[in-house]
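The lines below spell out each chain.
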Amino acid sequence: MTVPTPGRIRPRRLRRTPAMRRLAAQTRLHPADLVLPVFVREGLDAPRPLTSMPGVVQHTRDSLRQEAARAAAAGIGGIMLFGVPVHRDAVGSGATDPDGILNVALADVVAEVGDALVVQADLCLDEFTDHGHCGVLTADGVVDNDATLERYAAMAVAQAEAGAHLVGLSGMMDGQTGVVRDALDAAGHHEVAVLAYAAKYASAFYGPFREAVESQLDGDRRTYQMDPANRREAAREVAIDVAEGADVVMVKPAMSYLDVLADVAASSTVPVWAYQVSGEYAMIEAASARGWIGRRSAVTESVLSIRRAGADAILTYWATELAGWLAEEQ
Ligand code: PBG
């Protein structure tokens, strides 16, 4: 058997030197495309490390301000706040209380960084309810879609009054985008943007996040979050959210859903973001800690893969650190 020689066609020419590879790169990461998710907990006097997310903490209000200042100095695009209250109840009262932890922390961060970062808030009830669901429950213990929408509307207005530039709707209730848009507009907050977590799957990769927000959930979210088996349904969710006024749509998680991300990126008329979630972070940190993979290269490759699949921006717990590496490489 004769082995064919490559002859004139030699793709390796473009891989020969670092300069050639850099020029030939189709996809690039930039700090401005990264958003840092952060946790702020009521009643802490010092930041509290998270066992399942090494390097990530629950912040105090003060340490959150410092984290936001570091993120702004690193030139990343935005920061997404999650609040962890001390007291929870059936309707998640802390979420709409102007003195609730998420709302006061939003105001803190806006005071600290102004417009240097897009200051964003998670708009969902799960951190605030004593049962841990993303919505309020009926007497039978089922998540009540339409009653939940009223809570989301009030939450959006509270976050806007606290200074949020963008609200991130992660609850997966039907109609949430339209209801929140209308509530913001009725309260005069036309300028506040709505990010719809349009294609959010019921994923095991949210595991470490449950520690981060001290989730009270006993059960699962499969009646509202999407079935991991479904690809086509993402297009339906995106179309609904865009029709209801979403300014940005999200695919979440990222790495196990790159096919969905690529589909959405190919057809969306609004920017498409992706969330590299807590379990994705934890897997790479855990393998790196054991020396099984190289941390910096694995982190960079993972985020690059999400960008390559079509995300315009990426929420990642490595945002600030990765921005530092990108600056070194300039
Ligand atoms: C809901 C919410 C969750 C995450 C972000 N927003 C948890 C869930 O849906 O169960 C998970 C993020 C992560 O795992 O990093 N408020």
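Quick note: structure is the one above.
Rules used throughout
- Residues numbered from 1 in each chain as written.
- Predicted model: local features only at pLDDT ≥ 70, side-chain atom pairs only at ≥ 80, totals over all residues.
- Heavy atoms only, no water.
- Phe/Tyr/Trp six-rings, centres within 6.5 Å; stacked < 30°, edge-to-face > 60°.
- Helix = DSSP H or I, 4+ residues; strand = E, 2+ residues; numbered from the N terminus.
- Buried < 20%, exposed > 50% of the residue type's maximum accessible area, 1.4 Å probe, protein only.
- Lys NZ or Arg CZ within 6 Å of the ring centre and 35° of its normal.
- Polar contact = N/O pair within 3.5 Å; in protein donor to acceptor, adjacent residues only side chain to side chain.
- Near = heavy atom within 4 Å.
- Areas by Shrake-Rupley, 256 points an atom, 1.4 Å probe, with all protein chains shown as cover.
- 1 Å grid on protein atoms, 1.4 Å probe; cavity = no way out; pocket = protein on both sides within 12 Å on 5 of 7 lines; lining within 4 Å.
- Sits in = over half its atoms within 2 Å of the grid points.
- Nonpolar A, V, L, I, M, F, W, Y, C, P; charged D, E, K, R; others polar.
- Pairing = 2+ DSSP bridges.
- Right-handed = clockwise from strand over helix to strand, strands pointing away.
- Patch = residues over 30% accessible without salt bridge, like charges linked within 9 Å, V, L, I, M, F, W, Y side chains within 5 Å.
- Salt bridge = Lys/Arg side-chain N within 4 Å of Asp/Glu carboxyl O.
- Lys, Arg positive; Asp, Glu negative; His and termini not counted.
- Charge placed at Lys NZ, Arg CZ, Asp CG, Glu CD.
- Points joined across faces, edges and corners; volume = space filled by probe spheres on them.

Student: For this particular structure, what's the right way to read the packing of aromatic side chains?
Tutor: What describes a pair of aromatic rings is the distance from one ring centre to the other and the angle between the planes of the rings. A complete count under the given rule lists 9 aromatic pairs for this structure. For the pair Tyr 275 and Tyr 317, a centre-to-centre distance of 6.1 Å together with 50° between the ring planes defines the contact as tilted. Here the residue Tyr 275 occupies a position in strand β9 (residues 272–275), and Tyr 317 occupies one in the loop between β10 (313–315) and α11 (319–329), the gap between them amounting to 42 residues. Taken as a pair, Tyr 275 and Tyr 317 share a single burial class, namely buried. Between the aromatic rings of Tyr 281 and Tyr 317, the centroid separation amounts to 5.8 Å while the plane-to-plane angle is 70°, which identifies the pairing as edge-to-face. Here Tyr 281 is found in helix α9 (residues 278–289), whereas its partner Tyr 317 is found in the loop between β10 and α11, with 36 residues between them in sequence. Within the aromatic cluster, the residues linked to one another by ring pairs are Phe 39, Phe 82, Tyr 197, Phe 209, Tyr 275, Tyr 281, Tyr 317 and Trp 318. Here the guanidinium or amino end of Lys 200 rests over the ring plane of Tyr 206, the centre of that ring lying 5.4 Å away. Sitting over the face of the ring of Tyr 206, Lys 252 holds its NZ or CZ atom 5.0 Å from the ring centroid.

Student: Just checking my understanding: could you explain the environment of Tyr 224 for this structure?
Tutor: Locating Tyr 224 in the fold gives a position in the loop between α6 (207–212) and α7 (232–243). The exposure class of Tyr 224 is buried, given its relative accessible area of 8%. It is 8.9 Å that separates the C-alpha atoms of Tyr 224 and Tyr 201, two residues lying 23 residues apart in sequence. A distance of 3.2 Å separates a polar side-chain atom of Tyr 224 from the backbone nitrogen of Cys 134.

Student: Which parts of the structure should I look at to understand the site of the ligand?
Tutor: If you check the shell around the ligand, you find 18 residues, and the closest are Asp 126, Lys 200, Arg 210, Lys 252 and Tyr 317. Contacts to the ligand include Arg 210, whose side-chain N or O atom sits 2.6 Å from an oxygen atom. A total of 410 Å² of accessible area belongs to the ligand in isolation, and the protein chains cover 100% of it. The cavity where the ligand resides is the largest cavity. The residue makeup of the shell around the ligand, split by class, is 8 nonpolar, 3 polar and 7 charged.

Student: How should I be thinking about the pairing of strand β5 (residues 118–123) in this particular structure?
Tutor: Each regular strand carries side chains that alternate between the two faces of the sheet. The element β5 is extensively covered by neighbouring structure, given that 5 of its 6 residues are classed as buried. Sheet topology note: the strand β4 (residues 78–84)/β5 ladder contains 4 bridges and is parallel. Note on β5: the bridge partner recorded for Met 80 is Gln 120. In this view, the connection linking β4 to its parallel neighbour β5 by way of helix α3 (residues 101–113) has right-handed handedness. Here β5 pairs with strand β6 (residues 166–169) via 4 bridges, running parallel. Note on β6: the bridge partner recorded for Gln 120 is Leu 166. Each parallel crossover has a hand, and the one from β5 via helix α4 (residues 145–161) to β6 is right-handed.

Student: Just checking my understanding: could you explain a positive patch on the surface for this structure?
Tutor: Together, Arg 8, Arg 10, Arg 12, Arg 13 and Arg 15 make up a region of like positive charge exposed at the surface. The exposed category is assigned to Arg 15, whose relative accessible area is 52%.

Student: Could you clarify how one ought to interpret empty space enclosed by the protein in this entry?
Tutor: To find leftover empty space, a probe the size of one water molecule is rolled over the atoms. Following the criterion strictly, the structure yields 1 cavity of 30 Å³ or more and no others. Along its surface, the largest cavity is lined by 17 residues, and Asp 126, Lys 200, Tyr 206, Phe 209 and Lys 252 are the ones closest to its centre. In terms of residue class, the lining of the largest cavity is built from 8 nonpolar, 3 polar and 6 charged.

Student: Please explain the pairing of β6 as it appears in this structure.
Tutor: Of the two faces of β6, both are covered, the one formed by Leu 166 and Gly 168 as well as the one formed by Val 167 and Leu 169. Where β6 lies against strand β7 (residues 193–200), 4 bridges are found, and the strand directions are parallel. Note that in β7 the partner of Leu 166 across the bridge is Ala 193. With respect to chirality, the unit in which β6 leads through helix α5 (residues 176–186) into the neighbouring parallel β7 is right-handed.

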